[in-house]
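Tertiary structure, described
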Amino acid sequence: MKVTVVSRSGREVVKGGLELNDSATAADLQQAIHKRTKKFYPSRQRLTLPLPPGLKEKPVVLHYRKALKSYVEENSDSITVVLKDLGPQVSYRTLFFWEYVGPLFLYPVFYFFPVYRYFGYKGERIIHPGQTYALYYWCFHYFKRIMETFFVHRFSHATSPLSNVFRNCAYYWSFGSYIAYYVNHPLYTPVSDLQMKIGFGFGLLCQISNFYCHVLLRNLRSPDGNGGYQIPRGFLFNIVTCANYTTEIYQWLGFNIATQTVAGYVFLVVATSIMTNWALAKHRRLKKLFDGKDGRPKYPRRWVILPPFL
Ligand SMILES: NC(=O)c1ccc[n+]([C@@H]2O[C@H](COP(=O)([O-])OP(=O)(O)OC[C@H]3O[C@@H](n4cnc5c(N)ncnc54)[C@H](OP(=O)(O)O)[C@@H]3O)[C@@H](O)[C@H]2O)c1
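Computed from a predicted structure; not experimentally measured.

1. Notes on the overall build of the protein chain
A count of helices and strands for the protein chain gives seven helices and six strands. When the helices and strands of the protein chain are read in sequence order from the N terminus, they spell out β-β-α-β-β-β-α-α-β-α-α-α-α. For the protein chain, whose C-alpha radius of gyration is 25 Å, the value lies well above the compact-globule estimate of 19 Å for 310 residues. Dimensions of the protein chain along its principal axes, counting C-alpha atoms only, are 80 × 45 × 35 Å. Out of the 310 residues belonging to the protein chain, those deemed buried represent 44%. Of the contacts formed within the protein chain by residues at least 6 apart in sequence, a portion of 73% connects residues at least 24 apart. Here the protein chain has roughly 17,500 Å² of accessible surface; of this, 62% comes from carbon and sulfur atoms. Within the protein chain, one finds 38 positive and 17 negative side-chain charges whose respective centroids are separated by 7 Å.

Next comes the structure, spelled out in structure tokens:
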């Protein structure tokens with residue numbers, strides 16, 4: 001089969017085109033393009049069918065496992081595909097590792113080192129028990145997230161643009177430092193002993209539940225990441241689509257009950273709004289995939305992220 005690869009402006013990307021066998025898939029084509037143009041490794045390529053001039057619709061994206069033949073008329077043995085360069089890509093493991101490693105190491109800097117001298121506080125700093133527990137709680141959370149990234153999550157094969165590493169690191173590293181600055185501050189006023197115990201106790205319970213939610217999500221896929229998207233079931237997933245986000249939000253609420261800083265609550269609000277947007281999209285995707293038609297199961301009635309509100 002003759003394949004012509006053009007850019008979005010119509011320029012030929014692989015000079016002279018490519019010759020592939022009739023059973024070749026889009027993944028085989030990506031490999032062949034990579035062989036000819038070293039810069040475009042497969043995850044950097046987005047392959048679509050060309051749109052007729054003037055048409056404003058979204059183009060058909062080639063699925064990597066589908067045969068190229070399935071995109072052309074029965075007797076045709078040639079195809080033109082449009083290649084979009086997605087830019088440098090990284091795996092989700094790399095992205096997650098870098099975003100979590102910052103808060104894990106930056107937070108203890110504010111606890112252990114005399115950083116407040118540089119902000120004009122010369123006096124002796126008394127460390128309250130709540131500040132010490134907050135350090136353990138914080139580090140446990142980010143250590144857990146890194147361990148889950150490497151040993152629990154079964155990511156699909158998607159990658160993320162390299163630029164997201166910088167964006168996400170800016171988000172996690174700056175919020176981490178912002179919260180650490182106030183919770184470890186020499187003028188910090190601790191909450192009552194009871195409030196601290198309720199906050200950390202509740203938060204820890206939510207962290208453990210969050211871990212269990214991640215284990216349930218992991219079991220929806222085979223070890224090589226195949227299996228696509230399934231209906232999550234069991235534990236809190238029987239009530240809410242994104243139970244992992246619900247428990248994540250509540251564990252930050254627990255941390256904030258125990259530490260009570262404006263910085264911590266600002267983070268809670270921002271994180272909740274981000275996760276709510278993602279949860280709405282994930283809920284929509286599952287409802288679309290499991291529409292109850294043509295033998296497909298129907299997605300059960302569930303809350304999206306924060307029962308009984310959403
Ligand atoms: N503090 C914050 O601002 C913040 C924000 C977001 C997340 N988080 C934390 O980070 C964790 C991971 O976040 P995330 O957005 O990566 O979570 P996620 O997309 O819901 O899921 C984590 C893993 O489970 C897989 N998965 C999800 N739904 C699935 C389904 N229906 N069928 C099969 N596999 C499924 C995902 O696959 P794919 O690889 O295909 O996605 C991914 O590998 C969250 O649970 C939360 O604890 C924190």
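2. What to know about the sheet that holds strand E4 (residues 78–85)
Taken together, the four strands give an open sheet; going across it, the order is E2-E1-E4-E3, and neighbouring strands pair in mixed fashion. On the outer flanks of this sheet lie strand E2 (18–19) and strand E3 (45–48), each paired with one strand and no other. Of the strand pairs in this sheet, E3 and E4 are connected by four bridges, and their pairing is antiparallel. Residue Gln-45 lies in a different strand from E4, and its bridge partner there is Asp-85. Its contacts with the sheet put helix H1 (residues 26–36) on strand E1 (2–6), E2, E3 and E4, and the angle it makes with E3 is roughly 125°.

3. Details of helix H5 (residues 193–218)
Along its 26 residues, H5 runs 37 Å from first to last C-alpha, staying within 8% of the 38 Å computed at 1.5 Å per residue. Listing the buried residues of H5 in full gives Met-196, Gly-199, Phe-200, Gly-203, Cys-206, Gln-207, Ser-209, Asn-210, Cys-213, His-214 and Leu-216. Buried positions along H5 lie against helix H3 (129–151) and helix H6 (243–259).

4. Considering the domain arrangement of the protein chain
One frequent convention defines the size of an interface as the accessible area lost when the parts assemble. When cut into domains, the protein chain gives domain 1 (2–87) and domain 2 (90–289). Of note, the centres of domain 1 and domain 2, computed from C-alpha atoms alone, are 40 Å apart.

5. Topic: unusual backbone geometry
The omega angle of the peptide bond from Pro-307 to Pro-308 is 5°, so this bond is cis rather than trans. For Pro-308, the location among the structural elements is in the segment after helix H7 (262–289). Backbone geometry at Phe-235 places phi at a positive 50°, although glycine is not the residue there. Its location among the elements puts Phe-235 in the loop between H5 and H6. One non-glycine residue, Gln-260, lies in positive phi territory at about 50°.

6. Comments concerning the site of the ligand
Lining the immediate surroundings of the ligand are 28 residues, of which His-214, Tyr-229, Tyr-245, Glu-248 and Lys-282 lie closest. One of the backbone N or O atoms of Arg-154 is found 3.4 Å from an oxygen atom in the ligand. The contact in question runs from an oxygen atom of the ligand to an N or O atom on the side chain of Glu-248, over 2.5 Å. Protein contact buries 92% of the 880 Å² of open area that the ligand shows by itself. The cavity where the ligand resides is the largest pocket. Among the secondary structure elements, those contributing two or more residues to the shell around the ligand are helix H2 (92–112), helix H4 (162–183), H5, H6 and H7. Considering every element that reaches the shell around the ligand, the biggest residue donor is H7, with six residues. Residues that form the shell around the ligand fall into these classes: 16 nonpolar, seven polar and five charged.

7. Describing the pattern of salt bridges
The full count for this structure, using the stated rule, is six salt bridges. Its salt-bridge partner being Lys-144, residue Glu-148 comes within 3.1 Å of it at the nearest N-O pair. Here Lys-144 and Glu-148 lie together in helix H3, a separation of four residues that amounts to about one turn. Taken as a pair, Glu-148 and Lys-144 share a single burial class, namely buried. In this structure, Asp-193 engages Lys-197 in a salt bridge whose closest nitrogen and oxygen atoms are separated by 3.0 Å. Of this pair, Asp-193 and Lys-197 both sit in helix H5, four residues apart, which is roughly one turn of the helix. What you see here is one network of salt bridges that share partners, running through Lys-144, Arg-145 and Glu-148.

Calculation rules
- Residues numbered from 1 in each chain as written.
- Predicted model: local features only at pLDDT ≥ 70, side-chain atom pairs only at ≥ 80, totals over all residues.
- Heavy atoms only, no water.
- Helix = DSSP H or I, 4+ residues; strand = E, 2+ residues; numbered from the N terminus.
- Rg over C-alpha atoms; globule rule 2.2 N^0.38 Å.
- Buried < 20%, exposed > 50% of the residue type's maximum accessible area, 1.4 Å probe, protein only.
- Contact = heavy atoms within 4.5 Å.
- Areas by Shrake-Rupley, 256 points an atom, 1.4 Å probe, with all protein chains shown as cover.
- Lys, Arg positive; Asp, Glu negative; His and termini not counted.
- Charge placed at Lys NZ, Arg CZ, Asp CG, Glu CD.
- Pairing = 2+ DSSP bridges.
- Axes fitted to C-alpha atoms, helices over the stretch in contact; angles between N-to-C directions.
- Expected span 1.5 Å × (residues − 1).
- Domains from an automatic or database assignment.
- Near = heavy atom within 4 Å.
- Polar contact = N/O pair within 3.5 Å; in protein donor to acceptor, adjacent residues only side chain to side chain.
- 1 Å grid on protein atoms, 1.4 Å probe; cavity = no way out; pocket = protein on both sides within 12 Å on 5 of 7 lines; lining within 4 Å.
- Sits in = over half its atoms within 2 Å of the grid points.
- Nonpolar A, V, L, I, M, F, W, Y, C, P; charged D, E, K, R; others polar.
- Salt bridge = Lys/Arg side-chain N within 4 Å of Asp/Glu carboxyl O.

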